[in-house]
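Spelled out from the first residue to the last, the chains are:
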Protein chains: 2
Amino acid sequence: MFKFEILYKSKKSKARVGKIYTPHGIIDTPNFVAVGTNATIKALDTKFVSDLDLQLMFCNTYHLMLQPGAELIKKAGGIHKFINRNLPIITDSGGFQVFSLAYGSVASELKSKGTKKTDGSVLKITDDGVLFRSYRDGKKIFLNPEISVQAQKDIGADIIIPFDELPPYHLTEENLNKSLSRTHEWEKRSLNYHLKDRKSQAMYAVVHGGINKEFRKKSIDYLKDLDFDGFAIGGSVGKNLFEMIEMLKFTTASLPHEKPNHLLGIGDIASLNESIPLGIDTFDSSYPTKAARHGVALTKYGNLKILKAQNIINFTPIEKDCTCYTCKNYSRSFLNHLFKAKELAAYTLTTIHNLHFMIDYMKRVRDDILQDKI
Amino acid sequence: MFKFEILYKSKKSKARVGKIYTPHGIIDTPNFVAVGTNATIKALDTKFVSDLDLQLMFCNTYHLMLQPGAELIKKAGGIHKFINRNLPIITDSGGFQVFSLAYGSVASELKSKGTKKTDGSVLKITDDGVLFRSYRDGKKIFLNPEISVQAQKDIGADIIIPFDELPPYHLTEENLNKSLSRTHEWEKRSLNYHLKDRKSQAMYAVVHGGINKEFRKKSIDYLKDLDFDGFAIGGSVGKNLFEMIEMLKFTTASLPHEKPNHLLGIGDIASLNESIPLGIDTFDSSYPTKAARHGVALTKYGNLKILKAQNIINFTPIEKDCTCYTCKNYSRSFLNHLFKAKELAAYTLTTIHNLHFMIDYMKRVRDDILQDKI
């Protein structure tokens, strides 16, 4: 049931407008994918998110394996039934989470200038898989391609991701090359396991290689001959926007154009604006929802800090012409009060606005591509 | 614009069905009043609460004076505009909060067997008013009848409460009598200040006297001759349900029946069932919403603890025939997961169910009274 259709290619750039067909509906591309780590977008409930018309939601297999467990979700009839969402869902493999929780963020790794090692949660990495400790209860857990894909089968998202290794940003070429080979092997095993029983799921390969042009090319060359439905750009994507865009330029040039691609973990407006002309179709990021919970509202004029003094007495909404539930009903002043009083409604209402903003932004992006403005 | 109309009196008890008319609409009685301390029901937004048809919302003047400040709410055009609620609101005087935060709850006071004094936040009580420290920033604040009523005028609720003293449960008769006289004086001053400029607000007297029959009678005798629009039963209402019902029996017997009455701070089902046949019209309590945030759902069959093991794999809703948003969309299993993952949606969804339950319960109570079943 999975299909990708390119409706229009911009005359101005490599940007394109398309549709991804999944068992739970269509994803218009380019599009933003919100992150619901624990099978819910933080501070919102599923139905509200669907009503906002968020077309693709990203859930984290690692977290769901630990709580409530992939088997329980299977018993519920799959994640769509479990959380009551009748729109597309994508899950990752768990690999990224295991490694990134161990290494810390790229930012904190960069600060440490490569001296920071893991936090000890990754106990052993072999060619078969990874042994690590659960962040929840300290239990030892083993994850490998087959176990990850089986969990993703049990969870039952529309799009799944093969198990991969996330190497830290600071790595010698030799070690990066080794990691790349292991990742490719793991991805192939993941795909083989997936193809035994597709269950109407699509699987996106994860392109690795860090910011090394040759390695990215090597990764795509290896993966493009396998029966993947799309490509996710993963691994280290650079330490700043400039590095990322350089990497994306040579990476997207090599990607098979007829398949959808996804940029993992990126969702700020500056990155979107630079990446969409390179032909990126989907992006996921927890930034818009996380920012909301910290009182940062996204607007056409940049970020608005709701807690700033100028919003104490400001009875206009976050954005005057915004049609979201929050802007139609509440003022900045009321939101400022809710944040100060630490009321949960503050987090919910700002999350609604930010998600609406992102969804609306991507609609305008698609319109702009159709008019060759991008 | 305030008016109370008794539509029906039960043939079986003193229970009655009525309507309270306010500038922001009708309150059907008997009814439950949810508490929105900081001008929001915790974990919900105003519009959602209105859509649940919660007819009266209780806000705490003390908290609102500290944050965002009564003047700011006045600038916003009053609390209804500030929070976007077009249904009735009641505020208290701030007195109860100042004293109860200082003394702690009746339960903790009872445990201390009267040895527990204040926490030091009440600095000075004179016949004029109370000097206390803000729990927010330690600033000294003075509150007296005129200041409290002015704050309530600025906030602009439909029903307001005169400034009163909350004496601790353990008090000698002599001291209780002294407190009673001071409270009556403060209430009279509050009323006089209110009557200078009603602003379409109604003011309910607060009947005091603890569990002392004579004192309750004395309180009502004093207050009923003044121009109050209704009566709130306040002060110490007893250390258990039995004591409270005894107190309510002699108190309600003396209350002017043609005016609405309100039982302050009580909202559990057992208390409602015992109090409604005595003619109580409205009740406020944070219990249903607080219980929700602790994973306790109210049902026809008693309290349901969502975190209990039997709800891990239970794909039915909290209540099968419940028509609330939560029960129509989500299973116990999903809610159990959300609570374990500490997702805010858990608090929101359970609060929705509990509020719906209370609103629905009171509808059935009114029906039962109309059929002389209560």
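Being a predicted model, the structure only gives us computed values, none of them experimental.

All names here are of chain B. Compared with the 20 Å implied by 1.5 Å per residue over 14 residues, the 20 Å span of helix α10 (residues 241-254) between its first and last C-alpha is a close match. Along α10, the residues classified as buried are Met 244, Met 247, Leu 248, Thr 251 and Thr 252. Those residues of α10 hidden inside the fold are in contact with β11 (202-207), α9 (213-223), β12 (230-233) and α11 (269-275).

Think of it as a corkscrew move, a rotation about one axis and a shift along it, taking one chain copy to the other. After a rotation of 180 degrees and a shift along the axis of 0.0 Å, chain B superposes on chain A with an RMSD of 0.0 Å. Taken together, these values place the two copies in the relation of a two-fold axis. Within chain B, the C-alpha atom positioned nearest to the axis of rotation is that of Leu344(B), 3.7 Å from it. When you check the interface residues of chain B against chain A, 100% turn up at the interface there too, and the contact is symmetric in its surfaces.

Residue and element names in this part refer to chain A. Taken together, the 3 strands give an open sheet; going across it, the order is β1-β2-β3, and neighbouring strands pair in antiparallel fashion. The two strands at the open ends of the sheet, each matched to only one other strand, are β1 (3-9) and β3 (25-29). Put simply, the sheet's adjacent strands are angled 15 degrees from each other on average, direction ignored. Bridging between β1 and strand β2 (residues 16-22) involves 6 bridges; their strand directions are antiparallel.

Time to look at the domain arrangement of chain A. All names here are of chain A. Domain boundaries in chain A define domain 1 (3-94 + 145-285) and domain 2 (299-374). The centre of domain 1, based on its C-alpha atoms, is set 27 Å off from the matching centre of domain 2. Across the boundary between the two partners, domain 1 contributes 22 residues, which contact 15 residues of domain 2. The set of elements that each furnish at least two residues to the side of domain 1 that touches domain 2 consists of β2 and β4 (31-35). At 3 residues, β4 tops the list of elements feeding residues into the side of domain 1 that touches domain 2. Within the side of domain 1 that touches domain 2, the residues separate by chemical class into 13 nonpolar, 3 polar and 6 charged.

Each value, and the rule that gives it
Residues numbered from 1 in each chain as written. Chains lettered and ligands numbered in written order. Predicted model: local features only at pLDDT ≥ 70, side-chain atom pairs only at ≥ 80, totals over all residues. Helix = DSSP H or I, 4+ residues; strand = E, 2+ residues; numbered from the N terminus. Expected span 1.5 Å × (residues − 1). Buried ≥ 20, exposed ≤ 12 C-beta atoms within 10 Å, placed from the backbone. Contact = placed C-beta atoms within 7 Å. Least-squares fit on C-alpha atoms with pLDDT ≥ 70 in both. Pairing = 2+ DSSP bridges. Axes fitted to C-alpha atoms, helices over the stretch in contact; angles between N-to-C directions. Domains from an automatic or database assignment. Nonpolar A, V, L, I, M, F, W, Y, C, P; charged D, E, K, R; others polar.

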